[in-house]
Amino acid sequence: MKLLTRYVIREHAGPLVFALSALTSLLMLQYVARQLANLAGKGLPWSAIGKFFVLSLPFTIAMTLPMAVLVATLYAFGRMAAEHEITAFKASGVRVRSLMAPVLVCALLLSLFMVWFNDQLLPRTNHALRILNNDIAKTKPTLALKEQVMNPITDQFFMRVARVDARTNRMYDVTIYDLRKGPERQTIYADSGVFLLDAKGEDLQLQLMDGHAQEFVRADPRRLQRSFFRTQTVQLRGIIRQFEATAEDNYRGDREQTVCQMHRTYMENAREFTRLRNAYIDQASRAASKGSKTLTVSRDRPPKEVLSTFYCETLLGGFSTMLLPKKAKAQSAQPPVQPPPVQQPPVQQPPVQQPPVQQPPAPAPVPTPVPPAVVEQPGLERSAAAVAADSVARADSAARADSAARADSAARAAAAAAAAVPAATLAGTDTVSVYATAMRAAQQQLLAQREVVDGLAVEIHKKFALSFACLVFVLFGPPIALRFPRGGVGVTIGVSIVVFGLYYICLMGGEALADKGRLPAFIAMWIANVIFSLVGIALLWRVENTTDTSRGGGLRDWLADRRARKQLARELKAPAVPA
């Protein structure tokens, strides 16, 4: 079996390397094409460009490696079936699952490697790539004015010139649109002008001659103020900026953190979510009407994610305990022994008679209102406040930072509303309306905090789900390849595209549902792996239980076989014609 194991693994090695290189190159070209506008014309050093390409590889490989595993599996088993090697193995008593065993072991090792890759290497490269992209975006090496077109100097300053003398930097027929003052937007018309740079080469100075400026008045937007000038100087700061690498950036988004870092952040945010949920239930119970029996509230989140707890505390904690030496316990100093205090005999005081105190009559008991029952419902997030919160997509790390900022602002609003309740009670105002205001503020804060917690849980499970996709695709690929042995490269590419599309649709759809609180994160992220694994096992069981040793040709043969089977079924169902 050692010879057979080496042979099967060798059949997969070549297609795997080729598919990984091809798919990574295609996705890299697509990514670079999108970023080309930010890279071109900025005079970046070659080291920065090379660093950009190197840092872009890890997150691309994290997506293409499971794809390459599926392509290699389909191609290798399809080639062996087309050349009747599978038939020879079956005739020799070797079953398909025995051929798949070494591939499954290699896929499991590859999945474990991808767990380390997605947990340790990928967050660091994502962090460095974000810093590099920010540095590139700040770079403004030159100022090139084009004639007869609108030149966007900044996002709030635009300039149009009829003609430019490149030798003297002199401009003719200049029109400037300055939007930096907001409502007091200004338009400047000049006959000519000169643009110069300061001594540092960063700030731009425009010296305009013979023109006028018109702007709107802030107090009255219907008025337009016009002023004429002989010479006027307009200064723009930070127009020219060379590339400078940022030394350190401590901020990290959720895709720039390891699993253990997100695990600690999740526990802190989960505790805060539980506190806010209890506060919302309290405020909503006070603001609820007397006839209401139920209160709809978002489901509670666990204080710890089970998967990250096992990975960080049990697995990595156990390895660190075995590898690192045990710390010696320091012996604490013994406190000195003190003699027991001498007890003095008690001094008896004469009894003092107190006059009887009359107690006031007890007031009649006031029935306390029964708070409404709490019903956990994931659909609470579809309220008016949640629609605004859910409109922020968790596509990148900036969305997580925005969610944290909104959670902080909602916390301040809820604290202010809660502080206003006692004051309103003392002032004799309507406490129900005050409690309703506090309830709405607590609801907004709860939804913002829920988005942060769910986002962290999604990212934790996504790292592991994508890693074990290699094992899932190895389980799913061979039965498909054996079903169409003579399909060739066409069937391999076609099936791969369909499977990739379905898998990532399930993955992205589950992520969207988990972000909105409709599904738990572990179900949303692992549902695609579970579905494809079950389908692969069912197909493998069907292949193992076939009596024939050859599964036919390509898709055309399969369609012809299906038509023949339907025709035979119709003939069998047709009534017999008497002779």
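The shown structure was predicted, so the numbers you read here are calculated from the model rather than taken from an experiment.

Conventions and cut-offs
Residues numbered from 1 in each chain as written. Predicted model: local features only at pLDDT ≥ 70, side-chain atom pairs only at ≥ 80, totals over all residues. Heavy atoms only, no water. Axes fitted to C-alpha atoms, helices over the stretch in contact; angles between N-to-C directions. Helix = DSSP H or I, 4+ residues; strand = E, 2+ residues; numbered from the N terminus. Parallel < 35°, antiparallel > 145°, perpendicular 65-115°, else oblique. Left-handed = near helix turned anticlockwise from the far one by under 90°. Contact = heavy atoms within 4.5 Å. Nonpolar A, V, L, I, M, F, W, Y, C, P; charged D, E, K, R; others polar. Salt bridge = Lys/Arg side-chain N within 4 Å of Asp/Glu carboxyl O. Buried < 20%, exposed > 50% of the residue type's maximum accessible area, 1.4 Å probe, protein only. Core = buried A, V, L, I, M, F, W, Y, C linked by side-chain atoms within 4.5 Å. Pairing = 2+ DSSP bridges. Phe/Tyr/Trp six-rings, centres within 6.5 Å; stacked < 30°, edge-to-face > 60°. Lys NZ or Arg CZ within 6 Å of the ring centre and 35° of its normal. Patch = residues over 30% accessible without salt bridge, like charges linked within 9 Å, V, L, I, M, F, W, Y side chains within 5 Å. Areas by Shrake-Rupley, 256 points an atom, 1.4 Å probe, with all protein chains shown as cover. Expected span 1.5 Å × (residues − 1). Bend = angle between axes of the 7 residues up to and from the residue.

1. Considerations on the packing of helix H2 (residues 46–82) against helix H10 (residues 469–483)
- With their axes 8 Å apart at the nearest point, H2 and H10 run at an angle of 25° to one another. Between H2 and H10, the crossing angle belongs to the class labelled roughly parallel. As H2 packs across H10, the resulting crossing turns out to be right-handed. On H10, the residues touching Leu65, Pro66, Val69, Leu70, Thr73, Leu74, Phe77, Gly78 and Ala81 of H2 are Ala469, Cys470, Phe473, Val474, Gly477, Pro478, Ile480, Ala481 and Leu482.
- A per-class count over the contact of H2 with H10 returns 15 nonpolar, three polar and no charged.

2. Quick look at the pattern of salt bridges
- Taken as a whole and assessed by the stated rule, the structure comprises 14 salt bridges.
- Salt-bridge contacts for glutamate 83 lead to arginine 79; the nearest nitrogen and oxygen are separated by 2.6 Å.
- Taking relative accessible area as the criterion, glutamate 83 reaches 48% and is therefore assigned partly exposed.
- The salt bridge involving arginine 450 is made with aspartate 454; its shortest N-O contact spans 3.5 Å. Taken together, the residues span about one helical turn, with arginine 450 and aspartate 454 both in helix H9 (residues 431–467) at a distance of four residues.

3. Topic: the nonpolar core
- Residues Phe77, Ile86, Leu99, Tyr280, Val499, Tyr503 and Tyr504 are the most contacted members of the largest nonpolar core, which totals 76 residues.
- Beyond its immediate stretch of four places on either side in the chain, phenylalanine 77 contacts His12, Ile86, Leu99, Met100, Val103, Pro478, Ala481 and Leu482.
- Judged by nonpolar contacts, the second largest core, of 18 residues, contains Met171, Ile188, Phe229 and Val234.

4. Considerations on the sheet that holds strand E1 (residues 150–154)
- Strand order across the open sheet formed by six strands is E1-E2-E3-E4-E5-E6, with antiparallel pairing between neighbours. For this open sheet the edge positions go to E1 and strand E6 (224–236), each flanked by a neighbour on one side alone. Put simply, the sheet's adjacent strands are angled 30° from each other on average, direction ignored.
- Relative to strand E5 (residues 204–216), strand E4 (residues 186–197) is paired through 11 bridges, and the arrangement is antiparallel. Note on E5: the bridge partner recorded for tyrosine 189 is histidine 212.

5. Description of the packing of aromatic side chains
- Following the criterion strictly, the structure yields 13 aromatic pairs and no others.
- Pairing tyrosine 31 with phenylalanine 52 gives two aromatic rings, centres 5.9 Å apart and planes at 15°, and the pair type is stacked. On the criterion of sequence distance, the pair formed by tyrosine 31 in helix H1 (residues 2–39) and phenylalanine 52 in helix H2 is long-range, its members being 21 residues apart.
- One aromatic cluster is present, formed by Phe473, Phe476, Phe500, Tyr503, Tyr504 and Phe532 through successive ring pairs.
- Across the ring face of tyrosine 172, the terminal group of arginine 163 is positioned such that the distance to the ring centre comes to 4.2 Å.

6. Points about unusual backbone geometry
- Not every positive phi belongs to a glycine, and glutamine 148 is a case in point at roughly 65°.
- Relative to the helices and strands, glutamine 148 resides in the loop between helix H4 (96–138) and E1.
- By relative accessible area, glutamine 148 is classed as partly exposed at 46%.
- Of note in this structure, aspartate 173 is not a glycine but carries a positive phi near 55°.

7. Looking at the pairing of strand E3 (residues 170–178)
- Direction of pairing for strand E2 (residues 157–165) relative to E3: antiparallel, over a ladder of eight bridges. Pairing of aspartate 165 across the sheet is with arginine 170, part of E3.
- Between the antiparallel neighbours E2 and E3 lie four residues, among them asparagine 169 with a positive phi of about 60°.

8. A short note on a nonpolar patch on the surface
- A contiguous nonpolar surface patch, about 390 Å² in accessible area, is contributed by Phe522, Ile523, Ile527, Ile531 and Val535.
- Residue position: isoleucine 531 is located in helix H12 (residues 521–544).

9. Comments concerning H12
- Between the first and last C-alpha of H12 there are 35 Å, a value that for 24 residues agrees with the 34 Å anticipated at 1.5 Å per step.
- The axis of H12 is deflected most strongly, by about 45°, at isoleucine 527.
- Within H12, the full set of buried residues consists of Ala521, Ala524, Met525, Ala528, Asn529, Phe532, Ser533, Gly536, Leu540, Val543 and Glu544.

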